[in-house]
Amino acid sequence: MPREKFEYVERLGLYRKRIKDTDGKYAAIYGKTPTELSEKVRSARRAVEDASTSAGDPTLAAYADQWMELNTTGITAATKRDYQYIVDSFIKPALGHRKMKEIAPDDIKAAMLPVSTKSASVYNKTVMLYKKIFEEAVENDIVRKSPCAKLKRGGVKAQEKPALTPEQVNTLVEAVRGTVAYAFVMIGLYSGLRREEILGLKWDCVHLSGDAPYIAVKRAVRWESNQPIVEDKLKSKAASRSIPIPPQLVSCLSEEKAKSKSDFVISNRAGGPKTQTQFKNLWAAITARSVGVRTYTTKDKTGKKVKVTVEQKLGEKCQRHNFYYTIDFEVTPHILRHTYITNLFLSGVDLKTVQYLAGHSTVEMSLNTYTHLMKNTPEDLIGEIKKAFEVKSEVK
């Protein structure tokens, strides 16, 4: 191989070599000695070669970043965060360093093994993103065939916590009546709205008059650095819905509206939507009335802050406030919604109507969680079977 020729620039006292960059233009590289310049030239040429081939043969990490940038503009911020979490936590660490063209189906299967112990939601989102990233790579001639076409859904199915019983519902409602949590609990129990939908609900979407009072779900709240952002874009198209509400909730909301000075049904003192911290303070009205061991900070006789641990027992009166510990069951915002949907099924509401009222994107979402509530034992179904196959008597 002939020795590289370098130009000596006398006024600089340096050796120079011009090479083509990634745009095809010549760029000058300098070195104090031919040996130093030779190494710099080799390094620069490798960088140019890597850059020129990366577009046609990118790593999975680079292409996943490109896919995220080009394909997540029309989704909600929460969904985008979910996707980014999957890419950063499960896709990049496993195969991000590999070239797209080098990844085989067995590589994908191996990468999915650690994810198989995660929740079904995480697992299935990982499968979906792998498929979408490689499908787009096929369309753009980056790879000839997707290595993850045969990936199937999986993961660990979460155990649905039990819905509240009628007795527990009554206990909860009476426990929070008159507190800041009362309206939130009633909306969750009797309309099934998601937490972010309740916190984004405005009075212009609450229709209390007429024969069929209802709530129109049009907005949701998300938090960024504790601050609330109200969005018209919901979780899915199915989340936009109009929900008839029963008399219990009509009465509650009528009372709340009469004293409200805000556009929001659940608001902070300034009339705006609640921050994440403010919502935690709202929910504390429930946890404070629940049994269990609690630790809180108070001041001793000298004014020094100290931590105090107490066991809150059912039926006992709180020493610091005027209420009793009456809640001996778990309550979360989702359990309120879960109780609402469960009651729809138990009342015989048909599946498609449940799907609409719950704001589920597909019937399968409703079925996967609530199919056990449907009457499907032989004793339950024998009447329907007899009716379907009864012998019709001939008319003479």
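Procedures and definitions
Residues numbered from 1 in each chain as written. Predicted model: local features only at pLDDT ≥ 70, side-chain atom pairs only at ≥ 80, totals over all residues. Heavy atoms only, no water. Phe/Tyr/Trp six-rings, centres within 6.5 Å; stacked < 30°, edge-to-face > 60°. Helix = DSSP H or I, 4+ residues; strand = E, 2+ residues; numbered from the N terminus. Buried < 20%, exposed > 50% of the residue type's maximum accessible area, 1.4 Å probe, protein only. Lys NZ or Arg CZ within 6 Å of the ring centre and 35° of its normal. Pairing = 2+ DSSP bridges. Axes fitted to C-alpha atoms, helices over the stretch in contact; angles between N-to-C directions. Core = buried A, V, L, I, M, F, W, Y, C linked by side-chain atoms within 4.5 Å. Contact = heavy atoms within 4.5 Å. Polar contact = N/O pair within 3.5 Å; in protein donor to acceptor, adjacent residues only side chain to side chain. Salt bridge = Lys/Arg side-chain N within 4 Å of Asp/Glu carboxyl O.

Novice: Could you clarify how one ought to interpret the packing of aromatic side chains in this entry?
Specialist: To describe a pair of aromatic rings, one takes the distance between the centres and the angle between the planes. If you walk through the whole model with that rule in mind, you get seven aromatic pairs. Relative to phenylalanine 279, the ring of tryptophan 223 has its centre 6.1 Å away and its plane inclined at 35 degrees; by these criteria the two rings are tilted. Taken as a pair, tryptophan 223 in strand 6 (residues 220-224) and phenylalanine 279 in helix 10 (residues 276-287) lie far apart in primary sequence, 56 residues in all. Since its relative accessible area comes to 5%, phenylalanine 279 is described here as buried. Ring centres of phenylalanine 323 and tyrosine 325 lie 6.2 Å apart, and the angle between their planes is 80 degrees; this geometry places the pair in the edge-to-face category. In this structure, phenylalanine 323 and tyrosine 325 share a single accessibility class: buried. What links up through ring pairs into an aromatic cluster is the set Phe184, Trp223, Phe279 and Trp283. Positioned above the aromatic ring of phenylalanine 323 is the side chain of arginine 289, whose terminal nitrogen or guanidinium carbon lies 4.1 Å from the ring centre.

Novice: Which parts of the structure should I look at to understand the sheet that holds strand 3 (residues 26-31)?
Specialist: Each strand in a sheet pairs with another by means of backbone hydrogen bonds, the pair being arranged parallel or else antiparallel. Taken in spatial order, the three strands make up an open sheet running 1-2-3, and their pairing is antiparallel. Looking at the sheet topology across the chains shown, the edges are occupied by strand 1 (7-9) and strand 3. Adjacent strand axes in the sheet meet at a mean angle of 40 degrees, parallel and antiparallel pairs treated alike. Pairing analysis gives six bridges linking strand 2 (residues 14-20) to strand 3, with the strands arranged antiparallel. Considered in strand 3, the bridge of arginine 16 is made with tyrosine 30.

Novice: Would you mind going over unusual backbone geometry with me for this structure?
Specialist: For residues besides glycine, phi is generally negative; the peptide bonds are generally trans as well. Positive phi is not limited to glycine here, since serine 225 has a value of about 50 degrees. Here serine 225 shows up in the loop between strand 6 and strand 7 (227-231). Residue classification places serine 225 among the exposed positions, given a relative accessible area of 72%. Non-glycine residue asparagine 226 carries a positive phi angle of around 80 degrees. Positionally, asparagine 226 belongs in the loop between strand 6 and strand 7.

Novice: How do you make sense of the pairing of strand 10 (residues 305-312) when you look at a structure like this?
Specialist: Successive side chains on a regular strand alternate, one facing one side of the sheet and the next facing the other. Taken together, the eight bridges between strand 9 (residues 292-299) and strand 10 define a ladder with antiparallel strand orientation. Following the sheet pairing, tyrosine 296 is matched in strand 10 by valine 308. Between strand 9 and strand 10, which pair antiparallel in sequence order, lie five residues; one of them, glycine 303, sits at a positive phi of approximately 90 degrees.

Novice: Would you mind going over the nonpolar core with me for this structure?
Specialist: The nonpolar side chains of a soluble globular protein tend to be buried, and buried together. Ranked by internal contacts, the top residues of the largest apolar core, which has 58 residues, are Leu172, Phe184, Leu189, Leu253 and Ile286. Examining the composition of this core, we find that eight residues originate from one element, helix 7 (residues 182-191), more than from any other. Residues contacting leucine 253, with those up to four places away along its chain left out, are Ile187, Trp203, Val206, Leu208, Ile215, Ile245 and Val265. The next biggest cluster of nonpolar side chains, apart from the first, holds 29 residues, and it includes Val87, Ile91, Ile108 and Tyr130.

Novice: Could you clarify how one ought to interpret the sheet that holds strand 8 (residues 241-244) in this entry?
Specialist: Strand order in the open sheet made by the three strands is 4-5-8, with antiparallel pairing throughout. Each edge of the sheet is formed by a strand with only one pairing partner; in this case those strands are strand 4 (206-207) and strand 8. Examined bridge by bridge, strand 5 (residues 214-217) and strand 8 share four bridges and lie antiparallel to one another. If you follow valine 217 over to strand 8, its bridge partner there is arginine 241.

Novice: Would you take a moment to explain the side chain of arginine 222 for this structure?
Specialist: Within the secondary structure, arginine 222 sits in strand 6. The exposure class of arginine 222 is buried, given its relative accessible area of 15%. Here the side chain of arginine 222 touches glutamate 231 through a polar contact of 2.5 Å, side chain to side chain.

Novice: Hey, could you run me through the pattern of salt bridges in this one?
Specialist: As a working rule, side chains carrying opposite charge can pair if their charged atoms are close by. Considering all chains together, one arrives at 18 salt bridges under this definition. For arginine 222, the salt bridge is made with glutamate 224, and the minimal N-O distance between the two is 2.2 Å. Since its relative accessible area comes to 39%, glutamate 224 is described here as partly exposed. Residues joined by salt bridges that share partners form a network here, namely Glu7, Arg16 and Arg18.

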